[in-house]
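So you can see what is in the structure, the chains are spelled out below.
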Amino acid sequence: MSSKVLKIDNLHVAIAGKEILKGVNLTIRQGEVHALMGPNGSGKSTLSYALMGHPNYEVSEGSVTLDGREMLELEPDERAKAGLFLAFQYPTSIPGVTVANFLRHAVTNVRNPERKEGEDLISMRDFRKEMRERMDELGMDPEFARRYLNEGFSGGEKKRAEVLQLSMLQPAFAVLDETDSGLDIDAVRIVAEGVNKVAARVSTGVLVITHYKRILDYIKPGFVHILYGGRIVESGGPELVDLLEKEGYDWVREKYPEAARDEDEMEQHAAAGQLAH
Amino acid sequence: MSSASTMSPPAAGGFGEASFETFLKDRDEPAWLVRRRKDAFATFQATPWPKSSDEEWRRTDIRAFKLGAFAAPLRRQTSAADQTILAPLYDGMSAHYATGIAHLNASVARSADSSKLGGALFVDLATAVKEHPELVERYLLTQAVTPDADALSALHAAFWTGGTLLYVPKGVKVEAPLFSLIGLGGAGNVDMDHTLIVLEDGAEATLVRESTSLGRPDTPALHAGAVEIVLGRGAKLQFVNIQNWDQQTWHFSRERALVGRDAQLQWTVGGLGSRLSKVNQEVVLNGEGASAQVNGVLFTGGRQHLAYFTRQDHAAPHTTSDLLYKGGLKDHSRLVWRGMIRVEKDAQRTDAYQKDDNLVLSDSARADSIPGLEIEANDVRCTHGATAGRVDEDMIFYARSRGVAREEAIRLIVEGFFANVYDRITLEPVRETLRQAVAAKLEQRAETARNPS
Ligand SMILES: Nc1ncnc2c1ncn2[C@@H]1O[C@H](COP(=O)(O)OP(=O)(O)O)[C@@H](O)[C@H]1O
Ligand SMILES: [Mg+2]
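Everything quoted here is computed from the prediction, not taken from an experiment. (Residues numbered from 1 in each chain as written. Chains lettered and ligands numbered in written order. Predicted model: local features only at pLDDT ≥ 70, side-chain atom pairs only at ≥ 80, totals over all residues. Heavy atoms only, no water.)

Draft legend 1. Highlighting the sheet that holds strand β7 (residues 173–177) of chain A. Residue and element names in this part refer to chain A. Taken in spatial order, the 6 strands line up as β6-β7-β8-β3-β9-β10 in an open sheet, and their pairing is mixed. Edge strands, defined here as strands with exactly one partner in the open sheet, are β6 (84–87) and β10 (231–236). The average undirected angle you get between the axes of adjacent strands in this sheet is 20 degrees. Looking at chain direction, strand β3 (residues 33–37) and strand β9 (residues 223–228) are connected through 4 bridges and run parallel. The residue of β9 that forms the bridge with A35 is V224. (Pairing = 2+ DSSP bridges. Helix = DSSP H or I, 4+ residues; strand = E, 2+ residues; numbered from the N terminus. Axes fitted to C-alpha atoms, helices over the stretch in contact; angles between N-to-C directions.)

Here is the structure:
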């Protein structure tokens, strides 16, 4: 299998006219695991939404290519078909649509990118069998497939449902946005193993967004990046994780005063936004 | 334009004095029934036509409805051509349900297979008048619905044609679901169907009724009908009523159920067709321990206007009612729902619930939900609510991020929107009929979007 490349180049993203990402550069190859760390409000989710093409995230500059193909020109569903996947930090619930039905539509479209709406879905039997296997891997009760997507799910169930979709869709590149948060340590392990299995099967390139070291004990990153004030200020190996775990972000602040100013402003903004909710 | 103007004179035309006489001669009915019709006709003439200032007609404009342009249908023999028109739908329903009665253009075209009725009586109303006059005389337009409800009820009571009676004697449980198909096709443009369902003490039955247009030309049509349900002590009825007329049809329907002691009613309405609908759907819990579940699936498009007035009348203690209406609207269509829970002084320990949710799929569509409570008892639990919203963009984005294109995502979300009402309907073919009808209407949307005219 040829190895694809996801290349984020000088990406600038604004929300409601306010610039959040100020020139992000990041290159991920299939088979690699990258970790992206950064304080709350530093723009991690903004990056993941922008990669997936959420309409509220305005890209003013830069490019994102997957194997040379510009992603920013594509609709979100076309990006998914091209091999991008995002496990959301806060997955949306879709009342009345079962996990199985939703996933059958998703899998059908991603595996048959030329399909027109209304054409047949993939065979129910094959789909069920495959989904059962994946659910088994993730320690999920088969009944789970009949529940309405994310409706009344606990935090942990939502994250598991995201990873189930990841393992069915087998993307070339997956962004996991705080997939570990809200999970107990056993769940983190199960979910991480699930991710590793897909990654091993189809050589997915993984970008793990997290605050904590614990998920990275299972999904071992070769590369670690620090997002601060809307840009990647440091990139290195796994040792960066330990450093952040021990020392926090103070040294980052001192080393990058300009990014620190932006970060402070964004954190205030984030706090104000949370109050408003 | 005066706001209190009469919307249309009841200008008799085909429903005037002379036509009524012709109609009575043509029917050749027993004296008691002729007298009833004459009384109803007098009521019709004495009852003012709806005015736009009337609460029930404030949002529902029928000025374009010309009663005089229609005429009461006379008796006719159904032809081979009629059978051909009916066959696909009749055969389709026969595949799902035990047996059924079909009417086309207000005349009976197919009768139920009596060997499949498990002891119930299920016949067209004209036959019932001949063979079981005592039943018809006792129940028809005397208890659940009365001719004086409004001008259209009186019109119906004077001119009803076609119609079915389902009578289930004491203790008889009809296991298999029955159906009633009411069609307007070819040149037929008036239907005055009457559905009468009586379950004696301890009786049980399921009836699925569907009214639909079958290849009619692009001309106006009228349905002025009524549904009456009377449930004895401990009786159980599941009744489904799907209205799927074409968008030239004016639909007026007065529907009321009397639910006796410990009886259980599940009543599902599907409102899909018609140019304009004005429906009164009422349940009266008049025996201790009675319960009713009312479900509504409404979906409108084009310039359709559907108005539903529901009532949950609690007249006895320890009664339960639970109403859930769901509406989807696209294009320039409009849905009006006005619900009333009424609890009488003696109806202590009432548990009543009503909810109307609407999903508005277009900027030009509009949903009005007006819940209401009138409570005279003090020990009751009543809950009501209404919502209206657009398809959630976050849901669409979520689905798109998993490879599902926008239109398909919307379709999934709309289907999901109706799921909690489908979940209450245990008959799979009914769910499937409603699902397909909703899907077909959504599809029309995609076409208009592609070829804006
Ligand atoms: N929908 C939004 N509207 C306005 N501002 C937003 C929105 N979402 C995020 N932001 C702002 O963007 C900044 C980055 O947020 P986010 O990307 O969610 O950070 P992280 O995921 O790193 O915690 C914060 O200042 C936040 O307030
Ligand atoms: Mg985030």
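Draft legend 2. Layout of the interface of chain A and chain B. In this assembly, 36 residues from chain A lie in contact with 20 residues from chain B. Summing the contributions of chain A and of chain B, the shared interface buries around 2200 Å²; its carbon and sulfur component is 61%. A per-residue breakdown of the area chain A buries against chain B is headed by D77(A), T92(A) and E117(A), which together make up 25% of the total. At the surface where chain A touches chain B, the tally comes to 5 salt bridges. (Contact = heavy atoms within 4.5 Å. Buried area = accessible area lost by both parts, 1.4 Å probe. Salt bridge = Lys/Arg side-chain N within 4 Å of Asp/Glu carboxyl O.)

Draft legend 3. A look at unusual backbone geometry. Backbone geometry places N10(A), a non-glycine residue, at a positive phi of 50 degrees. Along the chain, N10(A) falls in strand β1 (residues 5–15). You can call N10(A) partly exposed: its relative accessible area is 28%. Backbone geometry places D331(B), a non-glycine residue, at a positive phi of 50 degrees. In this fold, D331(B) is placed in the loop between β16 (320–329) and β17 (334–343). Residue D331(B) is classed as partly exposed on the basis of its relative accessible area of 23%. (Buried < 20%, exposed > 50% of the residue type's maximum accessible area, 1.4 Å probe, protein only.)

Draft legend 4. Summary view of the side chain of R411(B). Tracing the chain through its elements places R411(B) in helix α8 (residues 406–422). Among the polar contacts listed, one links the side chain of R411(B) to the side chain of E117(A), at a separation of 3.2 Å. Every residue in contact with R411(B), bar those within four places of it in the chain, is listed here: E117(A), L442(B) and E443(B). (Polar contact = N/O pair within 3.5 Å; in protein donor to acceptor, adjacent residues only side chain to side chain.)

Draft legend 5. A look at the packing of helix α2 (residues 31–46) of chain B against helix α6 (residues 151–159) of chain B. Residues and elements named next belong to chain B. It is the contact of α2 with α6, at a shortest axis distance of 8 Å, that shows an interaxial angle of 155 degrees. By the angle between their directions, the pair α2 and α6 is classed as roughly antiparallel. Our pair here, α2 against α6, has a crossing hand that is left-handed. Only A151, A154, L155, A157, A158 and F159 of α6 make contact with α2, whose side of the interface consists of R37, A40, F41, T43 and F44. Looking at the contact of α2 with α6 residue by residue, the classes come out as 9 nonpolar, 1 polar and 1 charged. (Parallel < 35°, antiparallel > 145°, perpendicular 65-115°, else oblique. Left-handed = near helix turned anticlockwise from the far one by under 90°. Nonpolar A, V, L, I, M, F, W, Y, C, P; charged D, E, K, R; others polar.)

Draft legend 6. Quick peek at the coordination of the magnesium ion (ligand 2). With distances of 2.1 to 2.2 Å, the protein atoms coordinating the magnesium ion (ligand 2) are S45(A) (OG) and Q89(A) (OE1). Taken together, the positions of S45(A) in helix α1 (residues 44–52) and Q89(A) in the loop between β6 and α3 (99–111) put the pair 44 residues apart, joining distant regions of the chain. (Donors = N, O, S within 2.8 Å, 3.2 Å for Na, K, Ca; no water.)

Draft legend 7. A look at the sheet that holds strand β8 (residues 204–214) of chain B. All names here are of chain B. Pairing is mixed across the open sheet formed by 10 strands, whose spatial order is β2-β1-β5-β8-β10-β12-β14-β16-β18-β20. Two strands bound the open sheet, and with one partner strand each, they are β2 (107–110) and β20 (381–389). Between one strand axis and the next, the sheet turns through 10 degrees on average, direction left out of account. When strand β1 (residues 99–104) meets β2, the two strands line up antiparallel, connected through 3 bridges. Each bridged residue has a counterpart across the sheet, and for A102 the counterpart in β2 is R110. Against the sheet, helix α3 (residues 80–96) contacts β1, β2, β5 (178–185) and β8, and its axis sits at roughly 150 degrees relative to β1. Here α8 sits on the sheet and contacts β14 (291–300), β16 and β18 (351–360); the angle it forms with β16, its principal contact strand, is near 165 degrees.

Draft legend 8. Here's a closer look at the nonpolar core. Formed by 131 residues in total, the largest nonpolar core has its most connected members in L47(A), I226(A), V414(B), F418(B) and V438(B). Counting residues per element, this core draws most heavily on α8(B), at 9 residues. Membership of the second largest hydrophobic core comes to 51 residues, among which are F23(B), A40(B), L141(B) and L155(B). (Core = buried A, V, L, I, M, F, W, Y, C linked by side-chain atoms within 4.5 Å.)

Draft legend 9. Examining the pairing of β14(B) more closely. Residues and elements named next belong to chain B. Across the 10 residues that make up β14, a large majority, 8, are buried. As defined by bridge partners, strand β12 (residues 264–271) adjoins β14 across 8 bridges and the pair is classed as parallel. Residue Q264 lies in a different strand from β14, and its bridge partner there is S291. Judged from the 10 bridges that link them, β14 and β16 form a sheet pairing that is parallel. By the bridge assignment for β16, F299 is matched with G328.

Draft legend 10. Spatial organisation of the site of ligand 1. Residues and elements named next belong to chain A. The environment of ligand 1 is made up of 14 residues, and the closest members are G41, K44, S45, T46 and M266. One of the backbone N or O atoms of K44 is found 2.8 Å from an oxygen atom in ligand 1. The separation between an oxygen atom of ligand 1 and a polar main-chain atom of M266 is 2.9 Å. In the complex, 74% of the free accessible area of ligand 1, which totals 560 Å², lies under the protein chains. Breaking the shell around ligand 1 down by element, the ones donating at least two residues are α1 and α9 (257–276). (Near = heavy atom within 4 Å. Areas by Shrake-Rupley, 256 points an atom, 1.4 Å probe, with all protein chains shown as cover.)

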